[in-house]
Amino acid sequence: MISEVELARLSYPEMPKIVTNDVPGAKAKALAAAALVHQTPTRPSVRGTLVIEEGKGAGIKDPDGNIYIDLSAGVAVSAVGRNHPAVIEAIRRQSERLMHSAGLVSETTVALAAKLAAVMPGGLRGNAFTWFGMSGSAAVETAIKYAKAITGRSQFAAFEGAYHGVFHGALALTTRESYRAPFRPFMPGVFHMPYAYCYRCFAGLSFPSCAVACGSYLDYKLTTPNTGADDVAAVIVEPMQADGGYIDPPVEFLQKLRAACDRSGALLIADEVQAGGGRTGRMWSIEHSGVVPDMLIWAKAVGGDMPLSGVTVHEKHRDRLPPSSQVITSAENALANVVALANLEILADPDLDLIGRSVALGDEVRRLFTEAARTSRVIDEVRGRGFFIGVELVRDKATRAPIEAKGMGLLAQRCERRGVRFMGCGRYGSTIRLMPPLVITREHLMRGVGILLDVIRDSEAEVLA
Ligand SMILES: Cc1ncc(COP(=O)(O)O)c(C=O)c1O
């Protein structure tokens, strides 16, 4: 396993380090104000106050010299950390040879497609081909089109709480209203089923006595005539739901979805954009269930510092796809390809064992939150696997009424002032999601989590006011 000393070299050892009296400092404030001028208001980056000038490992440096521990890994993108030396070297070497392949056959695309096939979950492993794009949303669009072409059907089952991106097809699958309004109508033919969000079960049941009723409901819907779901091309699921609340469902849920798809002839599409790439203790979060999807959508951690996404599809579906029908001019970028190859090499390296290490450290973090929950009035369920950790914050543990957005905002702001970045998620925006880079040192992780726990404890009265 990689040593803590080696990991410390990848980040800023002294972080968190706040050098300005006020956070954000003057330069960050000026840049945040400038961001409002010529950039679209639909980008979240224009609303934030945290400014990034430089990144290293698990650290973010702003233009005033403040250094933050990023417990969100740039929204789960920087799995190997920002500016990993192997990534910098791969870019340097490749940039001298070729950067853009413009639809021509190229060595780096061939190599990356082969590497992806080799790291897929069993059943797809060595038996899959890949389409390349540049964002998770684009890959979701592609999976939708592929499912239609492969099955000759048109409907899609997605899940309540799902986030699959913001393009028109993907948005029809996504359920967060703040992304949907005012862009109706969406792609037709999509219906949403309950996800196995046991903490807030749609039927008020408990696992395991519920016998995973949500999974059975999907099976019933897909295999019973006249339920309104007679033409389902695919079921698309986040095997561990990210934006909806960092939820790790019982593995039986995914097994039921696979069985329902097999019985009805629908495809199963796993959206691993956020949970994939080693974050949950396996390379892909669906591996915990042993379920093999027909297609696996990936992005974020695979490309890391470069914009890259893709859909990896079981070989048996190849002949149904019309040649040259899903074209993206700027995809298959050679720099992005070599960075992804470096990232996958690092993540899958058994000697470094970053994934195994994140399982042990993730357990430790969950234990700290579970311990804190005993005395905290707001910390309730703590869940997840590896570095995919969700913590429910509530006003009332008996009713599970969530804390409000302003409470979450207060916690985020106070953490930023102390040099720690974290993000929220969940149906009510009241769940903390911890998704640190896999290369974070134990010391930095514990410092960051310690600050977050202190802030929650010290702010409890105001959060509940
Ligand atoms: C599960 C999931 N799918 C799709 C997307 C969309 O990816 P992108 O923002 O790269 O378009 C995201 C983004 O967070 C995601 O978490």
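Trainee: Explain the sheet that holds strand β2 (residues 59–61) to me, and be specific about the residues and the numbers.
Mentor: As summarised here, the arrangement of the 4 strands in space is β1-β2-β3-β14, forming an open sheet in which the pairing is mixed. On the outer flanks of this sheet lie β1 (54–56) and β14 (420–421), each paired with one strand and no other. As paired strands, β2 and strand β3 (residues 67–70) are joined by 3 bridges and run antiparallel to one another. Across the sheet, residue K61 finds its bridge partner in β3, namely I67.

Trainee: Quick one: what's the story with helix α12 (residues 334–348), residue by residue and with numbers?
Mentor: Between its terminal C-alpha atoms α12 stretches 21 Å, which fits the 21 Å expected from 15 residues at 1.5 Å a residue. Counting buried residues along α12, 12 of its 15 residues qualify, which places the element largely inside the surrounding structure. Of the residues making up α12, those classed as buried are A334, L335, A336, N337, V338, V339, A340, A342, N343, L344, I346 and L347. Turning to α12, the residues buried within the fold contact α4 (85–95), α5 (107–119), α11 (300–303) and α13 (354–373). Its side-chain oxygen at 2.9 Å from the backbone nitrogen of L335, N333 defines the N-terminal cap of α12.

Trainee: Just give me the short version of the site of the ligand, but keep the residues and values in it.
Mentor: As a structural note, the neighbourhood of the ligand is formed by S135, G136, S137, Y163, H164, G165, E238, D271, V273, Q274 and K300. In this structure, K300 approaches the ligand through a side-chain N or O atom, which is 3.1 Å from an oxygen atom. When the free accessible area of the ligand is taken as 390 Å², the share hidden by the protein chains comes to 82%. Grouping the amino acids of the shell around the ligand by side-chain chemistry returns 2 nonpolar, 6 polar and 3 charged.

What counts, and where the lines are drawn
- Residues numbered from 1 in each chain as written.
- Predicted model: local features only at pLDDT ≥ 70, side-chain atom pairs only at ≥ 80, totals over all residues.
- Heavy atoms only, no water.
- Pairing = 2+ DSSP bridges.
- Helix = DSSP H or I, 4+ residues; strand = E, 2+ residues; numbered from the N terminus.
- Expected span 1.5 Å × (residues − 1).
- Buried < 20%, exposed > 50% of the residue type's maximum accessible area, 1.4 Å probe, protein only.
- Contact = heavy atoms within 4.5 Å.
- Polar contact = N/O pair within 3.5 Å; in protein donor to acceptor, adjacent residues only side chain to side chain.
- Near = heavy atom within 4 Å.
- Areas by Shrake-Rupley, 256 points an atom, 1.4 Å probe, with all protein chains shown as cover.
- Nonpolar A, V, L, I, M, F, W, Y, C, P; charged D, E, K, R; others polar.

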